[in-house]
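# Per-entry structural report
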Amino acid sequence: MRTMKTCSRSPLLLLWFIHVTIPAVLEAQEVKVSSTVTGYLGHDVTLPCTFIQGAQHADITQVQWELKPPEGENIVLIVFNVNFGVSVYNTFLKDRVELEEQSLIVRDVQMTDAGSYTCSIATFPSGSFEGTTNLVVQDVRFWSNTVSVMMKVVQWCVNETRILVHSSSDKHTVCTNEDVTHFEVMVGNLNKRD
């Protein structure tokens with residue numbers, strides 16, 4: 001009768017294998033982007049995109065940005081390739097986009113620029129990674145007009161309980177101390193946005 005030998009090293013070999021492979025999985029490579037970025041009409045905005053190296057070093061071979069507008073098909077905007085350089089596609093954003101490392105800069109933001117932007121990074125030998133950022137565009141003129149009108153009202157309201165104010169639309173407004181307090185809170189909140 002033959003007896004079967006068991007290897008006492010099997011559990012140790014398995015533990016060693018787990019010890020070597022688990023940290024590599026936990027330190028996986030990825031593309032890091034912001035889920036939402038707010039751009040202001042007429043201003044520049046940066047959509048951040050960063051390739052996070054893992055345990056295994058990978059070389060970036062290509063970076064590509066695409067836009068998926070609220071209505072429509074994906075539009076390739078700009079591509080950087082280590083062998084061929086930068087190529088900006090002929091889109092409505094052609095003269096207003098550029099890359100800064102992997103991040104996308106959109107110059108002179110317009111309302112039509114809103115949408116989902118995807119940063120795709122191809123690496124060797126690890127493959128491709130991507131992340132998507134939603135660009136929300138706001139009209140900053142609304143806030144500046146509101147503050148301008150409110151400042152004119154406050155100039156008339158200072159130190160008075162009730163005053164008749166003549167506005168630019170030739171209407172009269174009754175102003176109270178509550179209006180001044182409301183204005184101070186509003187301006188305080190606006191300043192915190194910056």
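Let me sum up the structure you'll find in this document. Since the structure is predicted, the reported quantities are computational estimates derived from the model, not experimental observations.

### Regarding the sheet that holds strand β3 (residues 45-47)
Spatially, three strands are ordered β3-β9-β8 in an open sheet, and the strand pairing comes out antiparallel. Among the strands making up the open sheet, the edge pair consists of β3 and β8 (97-100). Each neighbouring strand pair of the sheet contributes to a mean axis angle of 30 degrees, computed without reference to strand direction. Sheet topology places β8 next to strand β9 (residues 103-106); four bridges connect them, and they run antiparallel. By the bridge assignment for β9, E98 is matched with I105.

### Brief notes about the state of the cysteines
Across all of its chains, the model carries one disulfide by this definition. The disulfide bridge from C49 ends at C119, spanning 2.0 Å between sulfur atoms. On the S-S bond that ties C49 to C119, the torsion sits near -70 degrees, and the link is left-handed. Separated by 70 residues along the polypeptide, C49 in strand β4 (residues 49-52) and C119 in strand β10 (residues 115-124) bring together distant segments of the chain.

### Describing unusual backbone geometry
For the bond running from F124 to P125, omega is 10 degrees, close enough to zero to count as cis. Secondary-structure assignment places P125 in the loop between β10 and β11 (127-138). With a phi angle near 50 degrees, D108 is a residue other than glycine that sits in the positive phi range. As for its position among the elements, D108 is in the loop between β9 and β10. The exposure class of D108 is partly exposed, given its relative accessible area of 37%.

### As for the nonpolar core
Grouped burial of nonpolar side chains is what soluble globular proteins tend to show. Among the nonpolar cores identified, the biggest contains 24 residues, and W65, L104 and Y117 are the most heavily contacted of them. Broken down by secondary-structure element, the contributors of at least two residues to this core are β3, β4, β5 (59-68), β6 (75-81), β9, β10 and β11.

### Observations concerning the pattern of salt bridges
Think of it this way: side chains of opposite charge can pair up when their charged atoms draw near. In this structure the tally under the stated criterion is three salt bridges. Salt-bridge contacts for R96 lead to D113; the nearest nitrogen and oxygen are separated by 2.8 Å. With R96 in the loop between β7 (85-88) and β8 and D113 in the loop between β9 and β10, the pair connects residues that are 17 residues apart, well separated along the chain. As far as burial versus exposure is concerned, R96 and D113 are alike and both buried.

The rules behind the values
- Residues numbered from 1 in each chain as written.
- Predicted model: local features only at pLDDT ≥ 70, side-chain atom pairs only at ≥ 80, totals over all residues.
- Heavy atoms only, no water.
- Pairing = 2+ DSSP bridges.
- Helix = DSSP H or I, 4+ residues; strand = E, 2+ residues; numbered from the N terminus.
- Axes fitted to C-alpha atoms, helices over the stretch in contact; angles between N-to-C directions.
- Disulfide = S-S within 2.5 Å.
- Buried < 20%, exposed > 50% of the residue type's maximum accessible area, 1.4 Å probe, protein only.
- Core = buried A, V, L, I, M, F, W, Y, C linked by side-chain atoms within 4.5 Å.
- Salt bridge = Lys/Arg side-chain N within 4 Å of Asp/Glu carboxyl O.

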